[in-house]
Amino acid sequence: MEIQLWREILTPYDLAVDELVVKFSHMIKEYRQKGMYSPIEQVTGRVKTISSILEKVQKKNISMDEITTKIEDIAGIRIICQFVEDIYKVVDIIRNRSDMTIKSEKDYVKNQKDSGYRSYHLIIYYNVETSQGCKKIQAEIQIRTLAMNFWATIEHSLQYKYRYNMPDSIKERLMASSEAIVILDKEMSSVRDDIMDAQNSFNDKANVVADILNNIQNLYKVANKREIVKIQDEFYSIYKENDLEQLKKFNKQLDIIAEGYRAQGL
Ligand code: 0O2
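Cut-offs used in this document
Residue indices begin from 1 for each chain and proceed along its sequence in written order. In keeping with the predicted nature of the model, local features appear solely for residues at pLDDT of at least 70, side-chain atom pairs appear and are counted solely at 80 or more, and the whole-chain, interface and lining totals rest on all residues. For the side-chain quantities, the full set of heavy atoms in the structure was used; hydrogens and water were omitted. Centres within 6.5 Å make a pair out of two Phe, Tyr or Trp rings, where for Trp the six-membered ring is used; the pair is then stacked when the planes are under 30 degrees apart, edge-to-face when over 60, and tilted otherwise. Only protein chains enter the area calculation, which uses a 1.4 Å probe; residues under 20% of their type maximum are buried, those over 50% are exposed, and those in between are partly exposed. Strands here mean DSSP runs of E at least two residues long; helices mean DSSP runs of H or I at least four residues long; both are numbered from the N terminus. Two limits define a charge over a ring: the Lys NZ or Arg CZ must be within 6 Å of the ring centre, and within 35 degrees of the ring normal. Buriedness of a pocket was judged along seven lines, with at least five required to meet protein on both sides within 12 Å; pockets are open sets of points on a 1 Å grid over the protein atoms alone, cavities are sets where a 1.4 Å probe fits but cannot get out, and lining residues have an atom within 4 Å of a point. Grid points are joined across faces, edges and corners, and a volume is the space filled by probe spheres set on the points. The salt bridge definition used is simple: a Lys or Arg side-chain nitrogen within 4 Å of an Asp or Glu carboxyl oxygen. Put simply, a residue is near a molecule or strand once any heavy atom of it comes within 4 Å of that molecule or strand. In protein, a polar contact requires one atom able to donate a hydrogen and another able to accept it; more generally it is a pair of N or O atoms within 3.5 Å, and residues adjacent in sequence count only if both atoms are side-chain atoms. A molecule is counted as occupying a cavity or pocket when more than half of its atoms fall within 2 Å of that pocket's grid points. In this classification, the charged set is Asp, Glu, Lys and Arg, the nonpolar set is Ala, Val, Leu, Ile, Met, Phe, Trp, Tyr, Cys and Pro, and all remaining amino acids, among them Gly, are polar. In this description, strands pair whenever DSSP reports at least two bridges between them.

Considerations on the packing of aromatic side chains
Then comes step 1: Under the criterion given, the structure shown has six aromatic pairs.
Then comes step 2: Ring centres 5.6 Å apart and planes at 40° place the aromatic pair Phe 235 and Tyr 236 in the tilted group.
Then comes step 3: Under the relative-accessibility criterion, Phe 235 is labelled buried at 5%.
Then comes step 4: Relative to Phe 250, the ring of Phe 235 has its centre 6.4 Å away and its plane inclined at 15°; by these criteria the two rings are stacked. Taken as a pair, Phe 235 in helix α8 (residues 225–241) and Phe 250 in helix α9 (residues 244–260) lie far apart in primary sequence, 15 residues in all.
Then comes step 5: An aromatic cluster is defined as three or more aromatic residues linked by ring pairs; in this entry it consists of Phe 235, Tyr 236, Tyr 239 and Phe 250.
Then comes step 6: The positively charged end of Lys 136 is found above the aromatic ring belonging to Tyr 125, 4.7 Å away from the centroid.

Structure below.
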């Protein structure tokens with residue numbers, strides 16, 4: 001196939017990956033801005049390389065005009081979560097979105113593959129607007145925990161190294177480490193509430209401090225210097241106490257001062 005044609009085929013996938021990464025990243029941002037725990041920890045995306053597409057074409061005996069229908073993972077999104085429970089939350093979030101439709105799903109978390117691989121896979125339909133009009137494309141979303149991702153990344157490299165001849169001893173060690181990952185994920189889930197509490201209060205504190213600094217910055221433009229210096233000193237001393245409730249109270253007082261100066265929207 002001509003290079004130009006490949007470019008034409010892959011461009012909408014490129015756009016879809018960019019858009020989907022932005023959408024999922026924004027979800028993380030929204031949760032954190034609200035001081036809430038985000039079920040998504042990280043998101044990455046990639047368009048399958050031409051060489052990898054050709055490999056699949058050969059392996060699955062696909063004709064060139066069937067590429068976009070039969071190869072479902074030309075656009076690939078990987079969502080990494082902290083806990084197994086989050087994987088199912090993310091699946092529900094995707095299920096309820098109006099801009100993606102689920103075509104099929106595979107739960108390799110509950111039904112792990114023989115290799116020991118665990119992950120939740122969704123194939124979605126997603127519309128992109130290109131210069132040629134609207135295109136409905138397929139994309140694969142892999143959702144897994146940080147621990148599952150660690151295992152899959154290492155195993156993928158070993159698969160590549162040994163191709164289809166992975167020594168049994170390595171396979172056994174990978175199986176054993178996959179079992180260790182299951183235990184690790186379970187252990188982490190059992191302390192999930194404590195970890196979430198800690199992360200929520202960390203985000204809460206970061207948001208309050210950002211609000212306070214924003215208020216102080218606005219007051220700089222309208223209040224007199226002595227008053228600002230006093231406010232700043234007070235902020236530093238409350239900050240040192242590491243008491244979130246005190247910081248919130250101080251922020252409310254600042255809101256009232258800023259309102260008095262009409263400085264909030266500056
Ligand atoms: P790459 O290089 O990651 O793109 P399919 O081959 O997708 O048409 P299949 O095998 O039924 O059909 O799909 P499945 O099982 O849902 O797997 C698709 C993708 O999941 C793979 O894509 C891998 O990314 C990942 N995966 C599946 N099994 C394993 C495994 O045992 N180990 C690791 N590390 N990853 C796995 P590709 O195209 O094979 O590879």
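So, empty space enclosed by the protein
Then comes step 1: Tallying each qualifying case throughout the model produces one cavity of 30 Å³ or more.
Then comes step 2: Empty space within the largest cavity amounts to approximately 30 Å³.
Then comes step 3: Considering the residues around the largest cavity, the lining is formed by Gly 116, Arg 118, Met 148, Trp 151, Ser 178 and Ile 181.
Then comes step 4: When contributions to the lining of the largest cavity are tallied by element, the ones reaching two or more residues are α5 (146–162) and α6 (168–190).

Observations regarding the pattern of salt bridges
Then comes step 1: Scanning all chains against the criterion turns up 13 salt bridges.
Then comes step 2: Of the charged contacts in the structure, one is a salt bridge between Arg 97 and Asp 99, with a shortest N-O distance of 2.8 Å.
Then comes step 3: Beyond isolated ion pairs, a larger network of salt bridges with shared partners links Arg 46, Lys 48, Lys 56 and Asp 73.

Focus on the site of the ligand
Then comes step 1: Lys 60, Tyr 108, Lys 113, Ser 115 and Glu 155 are the nearest of the 17 residues found near the ligand.
Then comes step 2: Side-chain polar atom of Arg 46 to an oxygen atom of the ligand: 3.2 Å apart, as the coordinates give it.
Then comes step 3: Between an oxygen atom of the ligand and a side-chain N or O atom of Lys 113, the distance comes to 2.6 Å.
Then comes step 4: In this structure the site holding the ligand corresponds to the largest pocket.
Then comes step 5: Looking at the shell around the ligand, the elements that each hand over two or more residues are β5 (133–145) and α5.
Then comes step 6: It is α5 that provides the largest number of residues to the shell around the ligand, a total of four residues.
Then comes step 7: Tallied by class, the residues present in the shell around the ligand amount to three nonpolar, five polar and nine charged.

As for the layout of surface pockets
Think of a ball as big as a water molecule: rolled over the atoms, this probe shows where empty space is left.
Then comes step 1: Within this model, the largest pocket holds a volume of roughly 1,900 Å³.
Then comes step 2: Listed by contribution, the elements that provide at least two residues to the lining of the largest pocket are β1 (42–47), α2 (50–59), β2 (75–81), β3 (100–107), β4 (120–130), β5, α5 and α6.
Then comes step 3: If you tally residues by element for the lining of the largest pocket, the top one is α5, at eight residues.
Then comes step 4: The residue inventory of the lining of the largest pocket, partitioned by class, reads 14 nonpolar, 16 polar and 19 charged.

What to know about the pairing of β2
Then comes step 1: Burial of β2 is extensive: six of the seven residues sit out of reach of the surface.
Then comes step 2: Sheet analysis places β1 next to β2, joined by six bridges and oriented antiparallel. Pairing of Val 47 across the sheet is with Ala 75, part of β2.
Then comes step 3: Across seven bridges, the pairing between β2 and β5 is parallel. Bridge pairing in β5 places Cys 81 opposite Thr 145.

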